[in-house]
Amino acid sequence: MRKIQFFLFFFIIILICPPTLSAGDTDDFVSLRESMVDRQIAAMGIEDPRVLEAMRKVPRHLFVPERYRALSYRDHPLPIGEDQTISQPYIVAFMTEALNLRPEDRVLEIGTGSGYQAAILAELVKEVYTIEIIEKLGKRARQTLDTLGYKNIWVKIGDGYKGWPENAPFDAIIVTCAPEQIPEALVRQLDEGGRMIIPVGRQGTVQKLVRAVKKKGRIVAKDVMYVRFVPMVKGRD
Ligand code: SAH
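Read on for a plain summary of the structure.

Parameters at a glance
- Residues numbered from 1 in each chain as written.
- Predicted model: local features only at pLDDT ≥ 70, side-chain atom pairs only at ≥ 80, totals over all residues.
- Heavy atoms only, no water.
- Helix = DSSP H or I, 4+ residues; strand = E, 2+ residues; numbered from the N terminus.
- Phe/Tyr/Trp six-rings, centres within 6.5 Å; stacked < 30°, edge-to-face > 60°.
- Buried < 20%, exposed > 50% of the residue type's maximum accessible area, 1.4 Å probe, protein only.
- Near = heavy atom within 4 Å.
- Polar contact = N/O pair within 3.5 Å; in protein donor to acceptor, adjacent residues only side chain to side chain.
- Areas by Shrake-Rupley, 256 points an atom, 1.4 Å probe, with all protein chains shown as cover.
- 1 Å grid on protein atoms, 1.4 Å probe; cavity = no way out; pocket = protein on both sides within 12 Å on 5 of 7 lines; lining within 4 Å.
- Sits in = over half its atoms within 2 Å of the grid points.
- Pairing = 2+ DSSP bridges.
- Expected span 1.5 Å × (residues − 1).
- Bend = angle between axes of the 7 residues up to and from the residue.

Overview of the environment of Arg39
- If you trace the backbone, Arg39 turns up in helix H2 (residues 26-42).
- Along the sequence, Arg39 and Tyr90 sit 51 residues apart, while their C-alpha atoms lie 10.0 Å from each other.

A look at the packing of aromatic side chains
- Per the stated rule, a full pass over the model turns up six aromatic pairs.
- Ring centres of Tyr90 and Phe94 lie 6.0 Å apart, and the angle between their planes is 45 degrees; on these two criteria the pair is classed as tilted. Highlighted residues: Tyr90 and Phe94, both in helix H4 (residues 89-98), separated by four residues, approximately one helical turn.
- The exposure class assigned to Tyr90 is buried, which follows from its relative accessible area of 17%.
- Between the aromatic rings of Tyr129 and Trp164, the centroid separation amounts to 5.3 Å while the plane-to-plane angle is 80 degrees, which identifies the pairing as edge-to-face. Taken as a pair, Tyr129 in strand S4 (residues 127-132) and Trp164 in the loop between strand S5 (153-157) and strand S6 (170-175) lie far apart in primary sequence, 35 residues in all. Each member of the pair, Tyr129 together with Trp164, is buried.

Regarding unusual backbone geometry
- Cis geometry marks the peptide bond from Ala168 to Pro169; its omega dihedral reads 0 degrees.
- Mapped onto the elements, Pro169 comes out in the loop between S5 and S6.
- Phi at Asp83 takes a positive value of approximately 65 degrees, unusual for a residue other than glycine.
- For Asp83, the location among the structural elements is in the loop between strand S1 (78-81) and strand S2 (84-86).
- According to the relative accessible area criterion, Asp83 is exposed, its value standing at 73%.
- Non-glycine residue Asn100 carries a positive phi angle of around 45 degrees.
- Mapping Asn100 onto the fold places it in the loop between H4 and strand S3 (106-110).
- Given a relative accessible area of 46%, Asn100 falls into the partly exposed group.

Observations regarding the site of the ligand
- Close contacts around the ligand come from 27 residues, with Gly111, Ser114, Glu132, Gly160 and Val233 the closest.
- Between an oxygen atom of the ligand and a side-chain N or O atom of Glu132, the distance comes to 2.6 Å.
- Gly160 is positioned with one of its backbone polar atoms (N or O) 2.8 Å from a nitrogen atom of the ligand.
- For the ligand, the protein covers 99% of the area, taking 590 Å² as the surface of the free molecule.
- A molecule is said to occupy a pocket when more than half its atoms come within 2 Å of that pocket's grid points, and by this definition the ligand occupies the largest pocket.
- Of all the secondary structure elements, the ones that give two or more residues to the shell around the ligand are S2, S3, helix H5 (116-124) and S4.
- Considering each element in turn, the shell around the ligand owes the most residues, three residues, to S2.

Let's talk about the pairing of S5
- Strand direction decides the pairing type here: S4 and S5, joined by five bridges, are parallel. Along S5, the bridge assignment pairs Ile131 with Lys156.

Observations regarding H2
- Over its 17 residues, H2 runs 22 Å from end to end, which matches the ideal 24 Å to within 8%, given 1.5 Å per residue.
- The axis of H2 is deflected most strongly, by about 25 degrees, at Met36.
- Looking only at H2, the buried set comprises Phe29, Arg33, Met36, Val37, Gln40 and Ile41.

Structure below.
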């Protein structure tokens, strides 16, 4: 009888205590990541094996503030400071898959944020160029990516509306903040046959996630889902 009470006590404690994991709890994070991919990503229709592998590999918990680490593999976005968020894992996987990436590709990302999406891209392509307008976030992302040993990601602090002309054209462009229209400079910097995925719409409204391909110099676009992203803010100059 005592034994049953003892187990019951522990069972209740496990039920009422939220999971608290430390950064060093690697095995736990690996299994959280596995189940994130199985239940929230593969089960929801993402099929590209390279994308699934990248999502299994990149330690998402190291891209979020320490107090949110235990929540980092759940099916929702999380705050990363400066009023910005890291996207929900499914959205990261969906947008990545939509770019049809090849190992030799060079990709531009607008909205570095935590650097997580850049790391996922870096697992799949040759070079990743990413632009962040908030200096503090850009520097922190660079630090995280350096610590993890990524050598094929370049982070720039600047205004994404201008793109990164010195390194254009890009095979693919991913925008993780929402402008009201597709920025012209980004269309110019996309290579012929290049793919773009971008949320478009006004703040406070539901935005459309648009997948576009550049054909004969023009954008051929298709709405693929409704989303909610932070705004793509205009630079000061
Ligand atoms: N991809 C990120 C999440 C992006 S949140 C990740 O994986 O964590 C969107 C980011 O876009 C924010 O960090 C925000 O500061 C940035 N942003 C907003 N407007 C921008 C602009 N004009 N140029 C570059 N970055 C911008």
